[in-house]
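Descriptive structure summary
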Amino acid sequence: MSLDTIVLAVGPNDADRYERLAEETIDIGAAADAHVVLAHVFTDDEYAEALDRLELDPTAEGATPGGVARRHTTTRELGKLLEDAGMEYEVRGGVGDHGKEIVAIAKETDADLVIVGGRRRSPAGKAVFGSTAQEVMLESPCPVTFVRADTK
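Basis of the calculations
- Residues numbered from 1 in each chain as written.
- Predicted model: local features only at pLDDT ≥ 70, side-chain atom pairs only at ≥ 80, totals over all residues.
- Heavy atoms only, no water.
- Buried < 20%, exposed > 50% of the residue type's maximum accessible area, 1.4 Å probe, protein only.
- Helix = DSSP H or I, 4+ residues; strand = E, 2+ residues; numbered from the N terminus.
- Arc of directions from axis to C-beta.
- Contact = heavy atoms within 4.5 Å.
- Polar contact = N/O pair within 3.5 Å; in protein donor to acceptor, adjacent residues only side chain to side chain.
- Axes fitted to C-alpha atoms, helices over the stretch in contact; angles between N-to-C directions.
- Left-handed = near helix turned anticlockwise from the far one by under 90°.
- Nonpolar A, V, L, I, M, F, W, Y, C, P; charged D, E, K, R; others polar.
- Core = buried A, V, L, I, M, F, W, Y, C linked by side-chain atoms within 4.5 Å.

**Observations concerning helix H5 (residues 98-108)**
Taken together, the buried positions of H5 are His98, Gly99, Ile102, Val103, Ile105 and Ala106. Down the axis of H5, the buried side of the element spans an arc of 160°, and every buried residue falls inside it. Exposed and oriented more than 90 degrees from the buried face of H5 are Lys100, Lys107 and Glu108. Along its buried surface, H5 packs onto strand E1 (5-10), strand E2 (35-42), helix H2 (44-53), strand E3 (89-95), strand E4 (113-118) and helix H7 (132-139). The N-cap of H5, judged by a side-chain oxygen 3.3 Å from the amide nitrogen of glycine 99 a few residues on, is aspartate 97. Backbone geometry just downstream of H5 places aspartate 110 in the positive-phi region, at approximately 55°.

What follows is the structure in structure tokens.
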């Protein structure tokens, strides 16, 4: 299997693990010269808050999910680390359910691999609160690498 495109899922809880996500992405994709798609997904509320924080009129040209994602600190920091490693990347944004949108972006980009971060959860925690990573792993059109936040 060739590794041409990696979707790196970026979410609201990844600020504390972006370096680990970048490290794994670089370790896996740099040798294959893979193209990385930074996929930042917002819920409706997160998107509205981001527009407000950025003081963007929702009808402005840059007020697209991709435009907002490109301005997000975590996405910018990940991009810098990928650039420093000589990897090409693009940013895609989405609004909706995190898991469903990540899977949709993986399908749209014909991804060969999805990388998603998360933390350890009990089975009851997954059942009650759901798990974006679990949804991506079950629904993804390609293999998924899970990067756990509590390991190094």
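Moving on from the model shown.
**Section: the packing of helix H1 (residues 18-29) against helix H4 (residues 73-84)**
Between H1 and H4, the shortest axis-to-axis distance is 10 Å and the interhelical angle comes to 35°. The handedness of the crossing between H1 and H4 is right-handed. Here Tyr18, Glu19, Leu21, Ala22, Thr25 and Ile26 of H1 lie close against H4, whose contacting residues are Thr74, Glu77, Leu78, Leu81 and Leu82. For the contact of H1 with H4, the class distribution of residues is seven nonpolar, two polar and two charged.

**Quick notes on the nonpolar core**
Core analysis: the largest hydrophobic core is formed by 26 residues, its most contacted members being Leu8, Leu38, Val68, Leu78 and Ile115. Looking at this core, the elements that each hand over two or more residues are E1, H1, E2, H2, helix H3 (65-71), H4 and E4. Per element, the largest residue contribution to this core is four residues, and it comes from H1. Residues within four places of leucine 78 in sequence aside, it is in contact with Leu8, Val10, Tyr18, Leu21, Ala22 and Leu38. Counting 15 residues, the second-largest nonpolar core is a separate cluster that includes Ala39, Val103, Ala133 and Val136.

**Overview of the side chain of threonine 109**
One can find threonine 109 in the loop between H5 and E4. Note on threonine 109: relative accessible area 13%, which makes it buried. Of note is the side chain of threonine 109, whose polar atom sits 2.9 Å from the backbone oxygen of isoleucine 105. Of the polar contacts made by the side chain of threonine 109, one reaches the backbone oxygen of alanine 106; its length is 3.4 Å. Other than its neighbours up to four places away in sequence, threonine 109 contacts Thr5, Val7, Val37 and Arg92.

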